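# Observations on the model geometry
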Amino acid sequence: MRKNRSAALAAASFLLVAGLGIAAAPSAYAGTPGGTHADDRNSDFNGDGYEDVLVGAPGATVSGKKGAGLVTVQYGSSTGIGTSKVARFSQSTAVVAGAAEAGDGFGKAVATGDLDGDGYDDAVVGIPGEDLGTVADAGGVAVLWGSKAGLTGAASDWLETQEPTAGEQFGVGLAAAHFTDETPGDLLAVLDHDDLELFAYDSAAPSSLKERSSTRLSARAEQRHILPKSLTTGDYDNNGYADLVVSGVTIGEEEPGHGWSTYLSGNADGLKYERDLRGGPVTASGDIDNDGYDDLVTGEPNSPDDGGETLTGGLVGVRYGGENGPADEVQWWTQDSPGVPGTAERGDGWGTDLSVADTDGDGYADVAIGAAGEDIGTVADAGAVWVLRGASAGLTATGAKSWDQDSADVSGVPEKGDKWGGQVRLTDPNRDGRFGLLASAPGENAGDGFVWVLSAGAGGITATGSWTYGAETLGAPSPGAAFGAAIDE
């Protein structure tokens, strides 16, 4: 249960969204800009110019409370990330909002952004299992503020929905970016199983964050019933403002399990609903063809086949950006696409997670794809990771690579339920212009969880010299921690 609530939370305009699309689409709604550009990756907590890495371990036992959860921060440097320049936070950390309780899931979702526009990025931690009074799993969000010394729990902020309900899981999805020119910090978007709520920094308020709008994600548009699951941001129309994509899956009797996303464009005066797009519930963004427009990549790890009865091995879609945002046309990829290593098999989960960034410094963003359900030999759900390359003509299988725990130079052995590739992140913590790969296996060691580090060179990602670490390596409790269940993008 939380210790304190931001006194600055205040209701703003409420907008109706139906089936992940606004029923009567308004022209705009209030948002907030950041002190950085729309394409800033927003993960430099101490302002030293090096990307930092935020990892969630929502299953960790904290203060004797199983599943209370924690997060770790590894600060980047000229030599990248390591296991010494590290910070750990939980709801048992002094002055962090809330108290550690069993099943809270602190760190099940994480995001970063410069919410107060002070030049230091801030960490946002979702706690979807948080109980509020007698309301079970209502959810909450903790904001840890960045500073010259890095993240600090001091004066952390607490956010919750205004009218919590049981099982709402506020904080199950998070994103922050420079969407518009209305306030000095990045706008924070918080997702639960029904709504999208937007928060902005207000320096004049008694506490720092206040609600700007709440968007109901009901289920009426075009007879689709959508369960929202994730958020991503990118500047798809290249207007200097980040855009927001809300992604989920259809539920109900008609076409269940299909991915759909809603595109909201960022503008000087606010976010504006544009249209719904096929694809999801996993999303990531980056400029694959280096044309100045970010591209939207969606993953559907449990994609139903055309008959809706059996599951394919997973589906990844690419929509290229342009003046009107993500294109209506989509380029679909599977493990059966020409040149992609492997074979699509039921339950692979190809597209479990995605990350988009330039791994070889050629100016074209590449796409990392996790498949947590991939079988390695006879070992079920051991997991694997792919990287497909960006090029002037778009995503290509030329030079595509894949790895698993049976690959040369990758430590460990495939084990049932490891789910290697459950999270993937391309990151450049040494600022050399080439983004290396973090691949997590939340199921490793019977659910302790580990993260693998694969470096990037002139030829892109390589397993040579790869290494791995877990919560215990960083001085945090490890049993059942599911370390790596969330890694900030």
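Residues numbered from 1 in each chain as written. Predicted model: local features only at pLDDT ≥ 70, side-chain atom pairs only at ≥ 80, totals over all residues. Heavy atoms only, no water.

The protein chain appears in an unreviewed UniProt entry as Esterase from Streptomyces umbrinus.

## Brief notes about the pattern of salt bridges
Rules: What counts as a salt bridge is simple: a side-chain nitrogen of Lys or Arg found within 4 Å of a carboxyl oxygen of Asp or Glu. We count a stretch as a helix when DSSP gives it H or I for four or more residues in a row; a strand needs E for two or more, and each element gets its number in order from the N terminus. Buried residues are those whose accessible area, probed at 1.4 Å on protein chains only, stays under 20% of the maximum for their type, while exposed residues exceed 50% and partly exposed ones sit between those limits.
Under the counting rule described, the total for this entry stands at seven salt bridges. Residues Arg 425 and Glu 51 are paired through a salt bridge, measuring 2.9 Å at the closest nitrogen-oxygen approach. In this pair, Arg 425 is assigned in strand β26 (residues 423-427) and Glu 51 in the loop between β2 (21-22) and β3 (53-57), connecting sequence segments 374 residues apart. Per residue, the accessibility class of Arg 425 equals that of Glu 51, and both read buried. The salt bridge involving Arg 278 is made with Glu 300; its shortest N-O contact spans 2.7 Å. Of this pair, Arg 278 sits in strand β17 (residues 270-278) while Glu 300 sits in strand β19 (residues 295-300), placing them 22 residues apart in sequence. Overall, Glu 300 belongs to the buried group, its relative accessible area being 2%. Because the salt bridges share partners, they merge into one network encompassing Asp 360, Asp 366 and Arg 389.

## Here we look at the environment of Gly 150
Quick note on the threshold: Whether two residues are in contact is decided by their heavy atoms, any of which lying within 4.5 Å being enough.
On the secondary structure map, Gly 150 appears in the loop between β8 (140-145) and β9 (152-159). Here the alpha-carbon distance between Gly 150 and Phe 45, two residues 105 residues apart in the chain, equals 5.1 Å. Apart from the residues lying within four places of it in its own chain, the contact partners of Gly 150 are Phe 45, Asn 46, Tyr 75 and Trp 145.

## What to know about the sheet that holds strand β22 (residues 350-357)
Two orientations exist for strands paired in a sheet by backbone hydrogen bonds: parallel and antiparallel. We count it as follows: Should DSSP find at least two bridges between two strands, the strands are taken to pair. Lines are fitted to the C-alpha atoms to define the axes, a helix being fitted only along its stretch in contact, and any angle between axes, read from their N-to-C directions, falls within 0 to 180 degrees.
Judged by pairing direction, the sheet is antiparallel, and its four strands sit side by side in the order β22-β23-β24-β25 without closing on themselves. Here the strands that pair on one side only, and so sit at the sheet edges, are β22 and β25 (396-403). The sheet shows a mean angle of 20 degrees between the axes of neighbouring strands, taken without regard to direction. Direction of pairing for strand β24 (residues 384-389) relative to β25: antiparallel, over a ladder of four bridges. Pairing of Arg 389 across the sheet is with Thr 396, part of β25.

## Some remarks on the sheet that holds strand β18 (residues 282-286)
Pairing is antiparallel in the open sheet, where four strands are placed in the order β18-β19-β20-β21. In this open sheet, the two strands that pair with only one neighbour each are β18 and β21 (331-333). Each strand axis lies, on average, 20 degrees off the axis of its neighbour in the sheet, ignoring direction. One ladder, built from five bridges, connects β19 with strand β20 (residues 315-319); its direction is antiparallel. Residue pairing for β20: Val 297 is matched across the bridge by Val 318.

## Re the confidence of the model for the protein chain
Applicable threshold: The score called pLDDT rates the predictor's confidence residue by residue, from a low of 0 to a high of 100.
When pLDDT is averaged across the protein chain, the result is 87; 85% of the residues are at 70 or more. Within the model, the stretch residues 1-39 combines pLDDT values under 50 with 161 contacts to residues more than four positions away or in other chains. In this model residues 216-223 is a low-confidence stretch, pLDDT under 50, and it forms 29 contacts with partners more than four residues away in sequence or in other chains.

## Some details on the side chain of Thr 72
Tracing the sequence through the fold places Thr 72 in strand β4 (residues 70-74). In this structure Thr 72 comes out as buried when scored by relative accessible area, which is 0%. In contact with Thr 72, not counting residues within four places along its chain, are Val 53, Leu 54, Val 55, Ala 87, Arg 88, Leu 474 and Phe 483.

## What to know about the environment of Gly 119
Within the fold, Gly 119 resides in the loop between β6 (109-113) and β7 (122-127). Overall, Gly 119 belongs to the exposed group, its relative accessible area being 52%. Sequence separation between Gly 119 and Phe 45 is 74 residues; the distance between their C-alpha atoms is 8.8 Å. What Gly 119 contacts, discounting residues up to four positions off in sequence, is Gly 47 and Asp 114.

## Comments concerning the environment of Ala 200
Here Ala 200 lies in strand β12 (residues 195-201). Counting along the chain gives 84 residues from Ala 200 to Asp 116, while the straight-line C-alpha distance between them is 8.3 Å.

## Quick look at the packing of aromatic side chains
Here is the rule we go by: Only Phe, Tyr and Trp rings are paired, with Trp represented by its six-membered ring, and only when their centres lie within 6.5 Å; those with planes under 30 degrees apart are stacked, over 60 edge-to-face, the remainder tilted. Two thresholds decide whether a charge sits over a ring: the Lys NZ or Arg CZ must be within 6 Å of the ring centre and within 35 degrees of the ring normal.
Applying the stated criterion across every chain, the model contains eight aromatic pairs. An angle of 85 degrees between the planes, with centres 6.1 Å apart, marks the rings of Trp 350 and Trp 386 as edge-to-face. Here Trp 350, found in strand β22, pairs with Trp 386, found in strand β24; they are 36 residues apart in sequence, far enough to count as distant. As far as burial versus exposure is concerned, Trp 350 and Trp 386 are alike and both buried. Each residue in the set Trp 420, Phe 450 and Trp 452 is aromatic and connected to the rest through ring pairs, giving one cluster. Above the face of the Tyr 50 ring, Arg 431 is positioned so that its terminal group lies 4.5 Å from the ring centre.

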